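Coordinate analysis (summary)
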Amino acid sequence: MHLPSYATPLERVWHYVFLTLCGATLLFLIVPVLVVVPLSFNVEPYFSFTKGMLTLDPKAYSLKWYADILDNGTSGRYASGSWDWFKDVWNNAQWVIAMKNSFFIGIIATMVATVLGTIAAVGLSSPNMPYRTLITSLLISPMIVPVVITATGAYFFLAKIGLVKTYVGVILTHAMLGIPFVIITVTATLQSFDRNLIRAAESLGANWYTTFFKVVLSLIIPGMVSGALFAFVTSFDEVVAVLFIADIEQRTIPRQMWSGIREQISPTILAVATILIAISIMLLSTIEMLRRRSERLRGITTT
Amino acid sequence: MTMVAEFAATAKAPAPTGPILAADGVPLDKKLAQVTRRARINAFLLVAPLLAFLLVFFVAPIFLMLRLSTGDTVVSTELPRTAAALRSWDQKALPDEPVYAALVADLKDARERQATGKIGAQINYVYSGARSLFVSAGRSAGSIDAPYKQALIDKDPLWGDPTLWVMIKTTSQTTSPINYLNAVDRTLGPTGAVAQVPEDQRIHVTIFIRTLWLSFIVTLLCMAFGYPVAYLLSHLPLRTSNLLMICVLLPFWTALLVRITAWIALLQNDGVVLSTAVALGIVDPANRPQLVYNLIGTLVAMVHVLMPSMILPLYSVMKTIPPTYVRAARSLGATSFTAFWRVYFPQTLPGIAAGGLLVFILSVGYYITPALLGGQSGVLISNFIELHVSKTLNWGLAAALAGLLLVAILILYWLFNKIVGIDRLKMG
């Protein structure tokens, strides 16, 4: 991206216009995510920077919205930090319940999606797979079909078999929505997988069980993990299916944020958002580490 | 292994006669067919559990839901005699006495089953006022004497409206186009001909057009701003581009609700953007423009949410384009614009198609962003489907709207498959 010395004046101007445009777009992408973080420490219940915050007055900042995450819904009878208070928070605080639900539903749905998706991806990458394009399109379609349609269909169907307003119903729907991501990432990993290794293992006397677990699985694990992370994020982020299918008992974090935004918008939501941003930074770093590791293994050295 | 050995042996044998045999005496081509078939079955068996799961929990439910769009069985089962009598009605004039007599008989039975409200509600979706009409007619059905036609019309002149009878007829059929007609702001007139609904009730076509138009604008904006960023990222040294990539990937990995919250914090009336603009004197504090809870809010947030889905496919395509082509063009005398437009740009078309179609498909079905940021003027078709499913409970109409949206999405998906190829879809 260096400007060559022979560039014409017009090219020079365009070069800087181009860089400004790119910079503005990148700022447009990242600033909204980052602006939430300082706002969540605002002592006032507003969504904007106060004078005190801009002059870095310590009195303008507080952790009260983070405390509110823990206190909202508790009895308030116990002193903070005591064992009884902790039990109260764990069992009654709305955001804590939502957090537990989100992780529970997310982890089980991810396991279902990853196991089914990985096995299917192995079959799909076999050169002998019949109707491959058709079946792949079908398996990817939960990502393409609008969630409202998927959720409405699932709602009517689950209501018929008595699974609406249950954890099982929400988990199955979330697993469905996460499956395309597992299929895509695992198939992509399998594309660079040398199928001769399977033949080698078989010719050396390994049964299919040993071949799969010792040879195939150990090589596609990075793809599987990143697929699983995508599936988990899909579930962790999902609100439409929860709106349709879940009851108050299965309320997840996005569902809680949804009603927070609709009903009483308070900076507590910003504090929750900040925690979620921290979680997504962790996930992003994991994915990046996995990507670098698999590139290193395949002999593509970077940096 | 044995096959190969056997083949080598037969090849060496002098003047082989008859088909080449495998080790177990089966002809080699048959053996190959057997082995391939077994491999095909094995591959399919691996996919089968997931396929079954999706067919049961995804495909079948959507089909069952879409079935609701072509009519409900409530009217035909609750008013069996009327439905049968109406089958031969030619819709030219009001039905004759036998039809009215059948209706009164049906209503008497329905009243005993306490079903008149249910029937009325079903017809009420396509003919407003039908609910109270049926409930009150059911109440007095026992005391009405022949001639029933005159008696019913005397009770309520609506019974003399041919449109009502057209609606009773169409809802009593097993497949009726009425929900699809309503979904495009049409209805059936007094003679059964298709007509537009009254002007103040025309809403769905506007929403469909708004959805498509907004998706198009979102795709265009994502392309216009995403293309330069993808170009920059693919041409910078890896260390710098990895760093800048965070700006694209972090929003991508951040929960949607978090990004929406952020946009509310930024755009609302006393939010960051307007407060800054007022402080800088750009905006008159007494007359702040509305930036959120309308179409602008939906548009800005959708561009923000979908931009990474455009940048990432473009980036992965641009990464594979060798820089030598543009250099060759320049050394042959092309200006930088010509080299870009004639040599570089055509090579990025697969990325543009992939990103553009993906963004368009995703934005056509958007629900959460318009629901939270859209206010009145920013709602899209998905919000209407939800409205009819959970508020008006007009499931037939919701299913018809969903059916139309699904057809549009599947056409785009087919295009995506055709142009880009489903196996080119990559994540992250």
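About the criteria used
Residues numbered from 1 in each chain as written. Chains lettered and ligands numbered in written order. Predicted model: local features only at pLDDT ≥ 70, side-chain atom pairs only at ≥ 80, totals over all residues. Heavy atoms only, no water. Helix = DSSP H or I, 4+ residues; strand = E, 2+ residues; numbered from the N terminus. Expected span 1.5 Å × (residues − 1). Buried < 20%, exposed > 50% of the residue type's maximum accessible area, 1.4 Å probe, protein only. Bend = angle between axes of the 7 residues up to and from the residue. Contact = heavy atoms within 4.5 Å. Patch = residues over 30% accessible without salt bridge, like charges linked within 9 Å, V, L, I, M, F, W, Y side chains within 5 Å. Areas by Shrake-Rupley, 256 points an atom, 1.4 Å probe, with all protein chains shown as cover. Salt bridge = Lys/Arg side-chain N within 4 Å of Asp/Glu carboxyl O. Domains from an automatic or database assignment. Polar contact = N/O pair within 3.5 Å; in protein donor to acceptor, adjacent residues only side chain to side chain. Nonpolar A, V, L, I, M, F, W, Y, C, P; charged D, E, K, R; others polar. Core = buried A, V, L, I, M, F, W, Y, C linked by side-chain atoms within 4.5 Å. Axes fitted to C-alpha atoms, helices over the stretch in contact; angles between N-to-C directions. Parallel < 35°, antiparallel > 145°, perpendicular 65-115°, else oblique. Left-handed = near helix turned anticlockwise from the far one by under 90°. pLDDT = per-residue confidence, 0-100.

**Overview of helix 13 (residues 256-267) of chain B**
All names here are of chain B. The end-to-end C-alpha separation of helix 13 is 16 Å, in line with the 16 Å expected for twelve residues at 1.5 Å each. Counted residue by residue, helix 13 has twelve buried out of twelve residues, so it is predominantly covered. Regarding helix 13, the residues found buried are L256, L257, V258, R259, I260, T261, A262, W263, I264, A265, L266 and L267.

**What about helix 6 (residues 132-144) of chain A?**
The terminal C-alpha atoms of helix 6 of chain A, which comprises 13 residues, lie 18 Å apart, in line with the 18 Å expected from a rise of 1.5 Å per residue. In the structure, helix 6 of chain A departs most strongly from a straight axis at A:L138, where the bend amounts to approximately 30 degrees and where the proline A:P142 lies between one and four residues downstream. Within the span of helix 6 of chain A, buried status applies to A:I135, A:T136, A:S137, A:L139, A:I140, A:S141, A:P142, A:M143 and A:I144. Where the residues of helix 6 of chain A are buried, they touch helix 5 (94-124) and helix 8 (167-191) of chain A together with helix 2 (28-67), helix 18 (349-364) and helix 21 (395-419) of chain B.

**Quick notes on a nonpolar patch on the surface**
Residues B:V184, B:V205, B:I209 and B:W213 make up a contiguous nonpolar surface patch of roughly 350 Å² in combined accessible area. Within the secondary structure layout, B:W213 lies in helix 11 (residues 204-235).

**Digging into the domain arrangement of chain B**
Residue and element names in this part refer to chain B. Here chain B is partitioned into domain 1 (2-69), domain 2 (74-201) and domain 3 (205-424). Across the contact, seven residues belong to domain 2 and eleven residues belong to domain 3. The interface formed by domain 2 and domain 3 contains zero salt bridges. Scanning the region where domain 2 abuts domain 3 turns up two residue pairs in polar contact (both at pLDDT 80 or more). In terms of residue class, the side of domain 2 that touches domain 3 is built from four nonpolar, two polar and one charged.

**A short note on the side chain of B:S215**
Residues and elements named next belong to chain B. In this structure, S215 sits in helix 11. We classify S215 as buried; its relative accessible area is 1%. From its side chain, S215 meets the backbone oxygen of T211 in a polar contact 2.7 Å long. Look past the residues within four positions of S215 in its chain and what remains in contact with it is F360, S363 and V364.

**Quick word on the nonpolar core**
In this structure, A:L139, A:M257, A:L276, B:L50, B:F53, B:W253 and B:I368 are the most contacted members of the largest nonpolar core, which totals 179 residues. Each of domain 1 (2-69) and domain 3 (205-424) of chain B accounts for three or more of the residues forming this core. In terms of nonpolar packing, the next biggest core, distinct from the first, is built from 31 residues, B:L86, B:L107, B:I123 and B:L181 among them.

**Let's talk about the packing of helix 15 (residues 295-319) of chain B against helix 18 of chain B**
Residue and element names in this part refer to chain B. Put simply, helix 15 and helix 18 touch, their axes get as near as 8 Å, and they point 155 degrees apart. In terms of orientation, helix 15 lies roughly antiparallel with respect to helix 18. In this structure, the crossing between helix 15 and helix 18 has a hand that is right-handed. Counted together, M302, L306, S309, M310, P313, L314 and V317 of helix 15 and P350, G351, I352, A354, G355, G356, L358, V359, L362 and S363 of helix 18 form the full contact between these two elements.

**Observations concerning the confidence of the model for chain A**
Residues of chain A with pLDDT of at least 70 account for 97%, and the chain-wide mean is 88. The weakest mean pLDDT in chain A belongs to helix 2 (residues 51-54) of chain A at 77; the strongest belongs to helix 5 of chain A at 94.

**Points about the side chain of A:S141**
Here A:S141 shows up in helix 6. Setting aside chain neighbours within four positions, we find A:S141 in contact with B:F58 and B:Y413.

**A word on the environment of A:S280**
Along the chain, A:S280 turns up in helix 13 (residues 268-297). In this structure A:S280 comes out as buried when scored by relative accessible area, which is 2%. For the pair A:S280 and A:V215, spaced 65 residues apart in the sequence, the C-alpha separation amounts to 32 Å. Setting aside anything within four residues of it in sequence, one finds A:S280 in contact with B:L250, B:W253 and B:T254.

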